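One-letter residues, chain by chain:
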Amino acid sequence: MKLACLNLILLLISVHCLNCSRSEDGQQQRVSALTVLEQPEENIGKRKEEATVEDDLDPEDMEVFYPTNEWQIIKPGQAIPAGLHVRLNLETGKNEAKFPDDGNGKNGLKYWKQGNRHGMVNTDSKSFTAKELKRALKLIKQEGLMDIDESHQEKVQKTFRPIKELMEDFEAMNVVMETDMEIINKLVSKFNSTNATLENKVAALYNLEYYVHQVDNAQHLTAIGGLQLVINALNATEPHIRENAAFVLGSALSSNPKVQIEAMEAGALQKLLMLLATDQPVAIKKKALFGFSSMLRHFPFAQQQFLKLGGLQVLGQLFQAKEMESLRIRVMTLLYDMVMEKVRKQNWHLHHVVFLYLAAILIAITIF
């Protein structure tokens, strides 16, 4: 019974508050509403005068402040010319301004006014009229900016050579400035040449790795078919070519999605896994792991293929292999980065993440 009475009281209070709020809104609407007065048609043609709107401006604000050498009170909202000496009078509490002066009580400022324009000008500084400036410009064109000492001119001529002579020397030496893409074209042609020796191919790959760090250069390498040549070189018989080819591939794949897709379609992931799984020198496996890491980072499809192709087992065998201690930290870093990447993006199945994480823990246990 008490609960029903309490609910009834609360209901009445809420209804009363709702009615009060509606009444207040109605009063505000009545106060703020516009009333439209209908005018008869006879009075419409009588008023043809234009209505003028005057701004409510304070006449003191529009008054111009004329500075002098004596302190004058600045009225509220009054604009003053730039360059004046302004102070706050502590006795009166008002701002005052006057012409600035030097220690002798003199100043070089002068107030000027021309129509609605007014300001300050420094009479002590040198000034030139438009005619004087035009005359000076004519003299500069005729006589030059300044007289050059003949001895100084002879010294400069002995120290430096004219640009024409330098251009002639460059032409005689056949020195031509080439772009990065032109150099990449030459290096790919040199590497793919049938007459190229082992040293020439290794040198071409070594120089090519320097240029493919840039995204545009790596994409140009893909466009001209050079990336496929590098991937095919991973199966070369010479160890130095396999090592440098993996190095070039890793540099080209780094943070370059277009090249990653092209390399994935060309079978680069399988060939890199083959280099890591088979018996290869440590130098080759280092470069292969570098290319492998560049392929997997920020590339979900390659990471899925990595699991399907048994990439974790290959990395586990790499840990257990002898003389591969220098690669363990790199493999742990790669696994950790992939796990954290999937956790941040949250676009992978949980069992994949747990699988990678457990694999990293097991590998760490095998180390220690």
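Residues numbered from 1 in each chain as written. Predicted model: local features only at pLDDT ≥ 70, side-chain atom pairs only at ≥ 80, totals over all residues. Heavy atoms only, no water.

Draft legend 1. Representation of the sheet that holds strand 1 (residues 72–73) within the structure. Spatially, three strands are ordered 1-3-2 in an open sheet, and the strand pairing comes out antiparallel. Each end of this open sheet is capped by a strand with a single partner; those strands are strand 1 and strand 2 (85–89). Pairing analysis gives five bridges linking strand 2 to strand 3 (residues 94–98), with the strands arranged antiparallel. Note that in strand 3 the partner of N89 across the bridge is K94. (Pairing = 2+ DSSP bridges. Helix = DSSP H or I, 4+ residues; strand = E, 2+ residues; numbered from the N terminus.)

Draft legend 2. Geometry of the packing of helix 14 (residues 282–296) against helix 15 (residues 300–308). One way to put it is that helix 14 packs onto helix 15 with a least axis distance of 7 Å and a crossing angle of 125°. As far as their axial angle goes, helix 15 and helix 14 are oblique. Facing F292, M295 and L296 of helix 14, the residues of helix 15 in contact are A302, Q303 and F306. Its residues placed into classes, the contact of helix 14 with helix 15 shows five nonpolar, one polar and no charged. (Axes fitted to C-alpha atoms, helices over the stretch in contact; angles between N-to-C directions. Parallel < 35°, antiparallel > 145°, perpendicular 65-115°, else oblique. Contact = heavy atoms within 4.5 Å. Nonpolar A, V, L, I, M, F, W, Y, C, P; charged D, E, K, R; others polar.)

Draft legend 3. Up close: the pattern of salt bridges. Applying the stated criterion to the full structure yields four salt bridges. Between E165 and R161 there is a salt bridge; the shortest N-O distance is 3.7 Å. On the accessibility criterion, E165 (37% relative accessible area) is partly exposed. One salt bridge connects K287 with E243, and the closest N-O pair in it is separated by 3.9 Å. (Salt bridge = Lys/Arg side-chain N within 4 Å of Asp/Glu carboxyl O. Buried < 20%, exposed > 50% of the residue type's maximum accessible area, 1.4 Å probe, protein only.)

Draft legend 4. Geometry of the packing of aromatic side chains. This model, assessed by the stated rule, comprises four aromatic pairs. Ring centres 5.1 Å apart and planes at 85° place the aromatic pair Y210 and Y211 in the edge-to-face group. On the accessibility criterion, Y210 (60% relative accessible area) is exposed. For Y211, a relative accessible area of 17% puts it in the buried group. When the ring centre of W71 is taken as origin, the NZ or CZ atom of R87, which lies over that ring, is 4.1 Å away. Looking at K287, its charged tip hangs above the ring of F247, at a distance of 5.2 Å from the centre. (Phe/Tyr/Trp six-rings, centres within 6.5 Å; stacked < 30°, edge-to-face > 60°. Lys NZ or Arg CZ within 6 Å of the ring centre and 35° of its normal.)

Draft legend 5. Focus on the nonpolar core. Membership of the largest hydrophobic core comes to 54 residues, with the highest contact counts inside it found for L208, L249, F292, M295 and L296. Among the elements that make up this core, the one with the highest residue count is helix 11 (residues 239–253) (seven residues). Non-local contacts of L208, meaning those with residues more than four positions away in its chain, are made with I184, L187, L221, V230 and V248. Within the second largest apolar cluster, five residues are counted, among which are I74, L84, A97 and F99. (Core = buried A, V, L, I, M, F, W, Y, C linked by side-chain atoms within 4.5 Å.)

Draft legend 6. Local environment of the pairing of strand 3. In the sheet, strand 1 pairs with strand 3 via two bridges, with the strands oriented antiparallel. For Q72, the partnering residue across the bridge sits in strand 3 and is A97. Counting the residues in the hairpin turn of strand 2 and strand 3 gives four residues, including G93, whose phi is positive at 75°.

Honestly, that's just the spatial picture; any functional story needs more than this.
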